[in-house]
Every structure is written in C-alpha cells, then in structure tokens.
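Here is what each chain is made of, one letter per residue.
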Amino acid sequence: MQNNKEIKKAIVLGVSGASGMIYAVRSLKFLLNNHYNVDLVASKAAMMVWQSENNVAMPSNLRSQEQFWRDRSETHDGKLTCHQFADVGATIASGSFRTLGMLVIPCSMATVAKIAHGLSSDLLERAADVHLKEGRRLVIVPRETPLSLIHLRNLTALAEAGARIVPAIPAWYHNPQSINDLVDFVIARALDQLDIDADLIQRWQGRMPSNMVTGDAEL
C-alpha cells in the first residue's frame, strides 16, 4: 500500500516513438537524482526510435532495461521501475495506483491521437488515460513539426480534457551553451506543470538589454 510520502514522489514517465530520446534521458536523470519514484514505460515505437537515433538496442528484459536507463541517465539514486509496453495489468494501469502525475516525453502524434480518443492500445496510453479519468496531472511534450490540422485538433482535445501541452521548443534568454541546456529548458517547463521546481535553467529575471529602446523591444 502506498503512503502519502510515496505518492508525492511517484511519477509515471512515458516514452513514446517520437524523435528526441535525449528528452526522456535528461528528464529521468533529474527525477532520479531528486529521489522521485519513477515508473517508466517505453512504447514499442520508442524502442525502434532509440535504436535509430543511438545505434543501440533497448533491452526488452525489464531488469536489463532498468540498468539500461540508469546507465544513460548516469545515476543510481531514486527508485526506477520499468514496465513492458504490453503489460496492461501493471500497477500504473489502475486508477487505484496514485501518483503525483505523468509525463510523456517525447510524445509522438500517434500517441497524442490515441490518448485524445481514449484508445489504450498499450500500457503507456492506458496510464495516460488513467491520469485523465482520475483528474491527475498529465503533461504531454509533443515533438513534431509542422503540425497538421489533425495534430492540432488532437492536442486541443487533450488540453480540453485537462492535459498540459508543453511543445519541445527551447528558448534562448537563458544563454544556452550546449544541447543539454536547450533540452533542459523544455524539461524544466514540463516539470513546472507538475509543480516540480527543476533547477536546470536560469529563469527569466526581467532583464532588459540597455541598448533596447522602449517600444522597440520584443520578448
């Protein structure tokens, strides 16, 4: 049985088959380093995309997969539980398993469409559906461009159902010096939606460059 302390630290991390697996790795690194209890489910398509982007196969064996994710996130902290994408009988498939929220990062348009229309064909989609029906926080980080009208309508349906949509669009006002800086900006904004204050970026301080003339500045 979960106690209140465990619930406040319980996060479901869904990794779908969109390009940008670095977003999942950096999110997991932060959550584990800050001692969150992460239940991770990677879709079948995510395993294919991982191999395409990194030339390394993600193991299907759960014990090996947990070690795989820890190796990539370079941390031994926190609690990590991996689930098979087809295991719709897992804990996170039930509304009785309480969490702080769920983050789907990166999120493909196929996954967006299925969640938006209640089509729970795998564990990731079922877990997201559970968070919506239970009124819990669901954060979607779509990684696609350009967006078709169908994509926009599906994202609108999710927003209307209570999900928070955080596109994988970085900013530059924090003076990023690396790809990780750009990735971490998106992660920090996504975690904001779960009321998790991630100290990954320098937040906007209200500065205005001295050489800007009032009325000409654009933020």
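A brief report on the enclosed structure follows. Being a predicted model, the structure only gives us computed values, none of them experimental.

Right, let's get into the pairing of strand β2 (residues 37-42). Extensive coverage of β2 is indicated by the burial of 5 of its 6 residues. Pairing of strand β1 (residues 10-15) with β2, which is carried by 6 bridges, proceeds in the parallel orientation. What sits directly across from G14, in β2, is V41. Following the chain from β1 across helix α2 (residues 21-33) to the adjacent parallel β2, one finds a crossover that is right-handed. Examined bridge by bridge, β2 and strand β3 (residues 79-83) share 5 bridges and lie parallel to one another. In the strand pairing of β3, D39 is matched with T81.

When you tally the buried positions in strand β4 (residues 101-107), you get 7 out of 7 residues, the bulk of the element. The pairing of β1 with β4 spans 4 bridges and is parallel. Note on β4: the bridge partner recorded for I11 is G101. Pairing between β4 and strand β5 (residues 138-142): 4 bridges, direction parallel. If you follow M102 over to β5, its bridge partner there is L138.

Calculation criteria
- Sequence order as written defines residue numbering, which begins from 1 separately in each chain.
- Residue-level local features of this predicted model are given only where pLDDT is at least 70; pairs of side-chain atoms are given and counted only at 80 or more, and the full residue set underlies all totals for whole chains, interfaces and linings.
- In computing side-chain values, all of the structure's heavy atoms are included and hydrogens and water are not.
- Partly exposed residues are those whose accessible area sits between 20% and 50% of the maximum for their type, while under 20% is buried and over 50% is exposed, using a 1.4 Å probe and protein chains only.
- Note on conventions: DSSP H or I runs of at least 4 residues are helices, E runs of at least 2 residues are strands, and numbering of each starts at the N terminus.
- Following DSSP output, two strands are said to pair if at least two bridges run between them.
- When the strands point away from the viewer and the path from the first strand over the helix to the second turns clockwise, the crossover is right-handed.

Just distances and angles here, no functional claims.
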